[in-house]
Protein chains: 2
Amino acid sequence: MTYCCALRLEQGMVFISDTRTNAGVDHISVFRKLYTFGIPGERLIVIQASGNLATTQAVIGHIKNQLELRQEPNILSLHTMFDVAELIGSTLKKVIENVTADTMEQSNYYCSLLVGGQIKDQDMQLYNIYPQGNFICATRDTPYFQIGESKYGKPILDRALSFEMPLDEALRCSLISFASTLRSNVSVGMPLDVLVYHRDSLELPQGKRISEDDSYFNTISRQWSELLKKGLQELPIPTEEYFN
Amino acid sequence: MTYCCALRLEQGMVFISDTRTNAGVDHISVFRKLYTFGIPGERLIVIQASGNLATTQAVIGHIKNQLELRQEPNILSLHTMFDVAELIGSTLKKVIENVTADTMEQSNYYCSLLVGGQIKDQDMQLYNIYPQGNFICATRDTPYFQIGESKYGKPILDRALSFEMPLDEALRCSLISFASTLRSNVSVGMPLDVLVYHRDSLELPQGKRISEDDSYFNTISRQWSELLKKGLQELPIPTEEYFN
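This write-up is about the structure you can find in this document. (Residues numbered from 1 in each chain as written. Chains lettered and ligands numbered in written order. Predicted model: local features only at pLDDT ≥ 70, side-chain atom pairs only at ≥ 80, totals over all residues. Heavy atoms only, no water.)

Description of the sheet that holds strand β2 (residues 12–17) of chain A
Residues and elements named next belong to chain A.
- Read from one edge of the open sheet, five strands run β10-β1-β2-β11-β12, paired in antiparallel fashion. Across the chains shown, the open sheet's two edge strands, defined by having one partner strand only, are β10 (144–148) and β12 (208–210). Strand after strand, the sheet turns through a mean of 15° between neighbouring axes, direction not considered.
- In this fold helix α5 (residues 167–184) packs onto β1 (3–8), β2, β11 (192–198) and β12, with an angle of close to 20° to the strand it touches most, β2. (Pairing = 2+ DSSP bridges. Helix = DSSP H or I, 4+ residues; strand = E, 2+ residues; numbered from the N terminus. Axes fitted to C-alpha atoms, helices over the stretch in contact; angles between N-to-C directions. Contact = heavy atoms within 4.5 Å.)

The following block contains the structure:
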């Protein structure tokens, strides 16, 4: 499985992906699931993928191909993030249809994508693209999307995240979401790829890879466990009627 | 859907179940999923159910029928919790087989059960019974089971719960697990049924029903959100390399 999470907030965007792929528990590999494209000073586009690895790689392959062969349209020439999402969505749909025309069987080849970024003089956008090629867009009310093993890490986002949260705090929030998921589900695994984008910077961040021995990540994960344990002890004691 | 959680700890057992059932989002009902049986001073048996409601009710119906008609064996006459789990497991298996012999189709009628309790002069036991009628047993290493929508509420249990934790703290821990699940998934819903059993008491607790306006539950849920928000702010700030 996979866990990818992307936030579109007032100050910028945060993208985090794990790198574990598995075809059975005895066939585990590390594959990057976070891809960056862009033109410094003009646009940044980030794609995260969850699902069938062959489908993911085919979609990314087509996108890169279009750029290398200077085919039009491509994700660096299109004028809006909406058009970029449409192109990526239709590419995804075609890739799956190429494997099989049987719509029931297609579900074996599904993949979901998060596509976020910014084009000069436009707002940042974040899309959640479904295997059918259609998509939804993040808003101020729902400023984040998750794909893959999303449930373990959802409560912390639902409780703490808001559109106005400063980027560094939102980054900590989403790292904790990953720490909780890693702890509870072995199909999500290290290293993690992290990318933080500051609104209107139009720079292509290098991103950071977090490995098993990352001291910052291990520190906040440990500190978080201690916080929860201490927090539980400090909650008011249940009333007598709970024990009747 | 459903969320049920049961803990078997040093000092006793905690059982919590939600009550929401749904056949589509426009067909939501309240059904109790936590059942208590026993003989005060001799045994307590608690059953929690997740899955097909007709299957659940048929299993409970058969168990009650056996008791009313004084059929042997029944869950109040068997000598060990293991035998009780075997009887409930085989009843579950038969109920599903009665609906259809087609093993593929049987999955539509699946239900999972948690069965916990204590018989005089024996240890407390907690079993997770699968639709196939077989089961696993909670241990000191893994002192809890969940059935239904288990993922949202798993991280807090994995991070904080231990076999040695005092009962009132374990109760708070599992209530927070429910609060997080309720917040992130509408298919799990109030009221909740809670039951706490003190080891060797051999009493049949009344249990408590937590409704939407329960002030204790709402207080700890609110306090927990504040704790997490404050905790995030207090985590060390990510190093510069996260923002490159």
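A closer look at helix α1 (residues 53–68) of chain B
Residues and elements named next belong to chain B.
- For α1, which comprises 16 residues, the first-to-last C-alpha distance of 22 Å matches the rise-based estimate of 22 Å (1.5 Å per residue) to within 8%.
- Where α1 is buried, its residues meet β5 (34–39), β6 (43–51), α2 (81–99) and β7 (111–119).
- With a side-chain oxygen lying 2.9 Å from the backbone nitrogen of A54, the N-terminal cap of α1 falls on N52.
- Looking one or two residues beyond α1, the residue adopting positive phi is R70, at roughly 50°. (Expected span 1.5 Å × (residues − 1). Polar contact = N/O pair within 3.5 Å; in protein donor to acceptor, adjacent residues only side chain to side chain.)

Looking at the interface of chain A and chain B
- Between chain A and chain B, the residue contacts involve 53 residues of the former and 52 residues of the latter.
- Counting the surface lost from both chain A and chain B, the interface buries some 5,200 Å², and carbon and sulfur atoms represent 64% of this.
- Of all residues in chain A, R159, L232 and Y242 of chain A bury the most surface against chain B, accounting for 19% of the area lost on that side.
- Put simply, chain A and chain B have four salt bridges between them. (Buried area = accessible area lost by both parts, 1.4 Å probe. Salt bridge = Lys/Arg side-chain N within 4 Å of Asp/Glu carboxyl O.)

Remarks on unusual backbone geometry
Residues and elements named next belong to chain A.
- Residue P191 is reached from M190 by a cis peptide bond, and omega for that bond is -10°.
- Topologically, P191 is positioned in the loop between α5 and β11.
- Positive phi is not limited to glycine here, since D200 has a value of about 70°.
- Along the chain, the position of D200 falls in the loop between β11 and β12.

Remarks on the packing of aromatic side chains
- Taken as a whole and assessed by the stated rule, the structure comprises eight aromatic pairs over all chains.
- Note on Y216 of chain A and Y242 of chain B: the rings are 5.4 Å apart at their centroids and 65° apart in plane angle, and the pair reads as edge-to-face. Residue Y216 of chain A is found in helix α6 (residues 215–234), and its partner Y242 of chain B is found in the segment after α6 (215–234); the two belong to separate chains. Across the pair, Y242 of chain B and Y216 of chain A agree in class, each one buried.
- Aromatic ring contacts, followed pair by pair, group F82, Y127 and F135 of chain A into a single cluster.
- Above the plane of the ring of Y242 of chain B lies K208 of chain A, whose end atom (NZ or CZ) is 5.3 Å from the centre. (Phe/Tyr/Trp six-rings, centres within 6.5 Å; stacked < 30°, edge-to-face > 60°. Buried < 20%, exposed > 50% of the residue type's maximum accessible area, 1.4 Å probe, protein only. Lys NZ or Arg CZ within 6 Å of the ring centre and 35° of its normal.)

The quantities given are spatial measurements derived from coordinates; they are silent on function.
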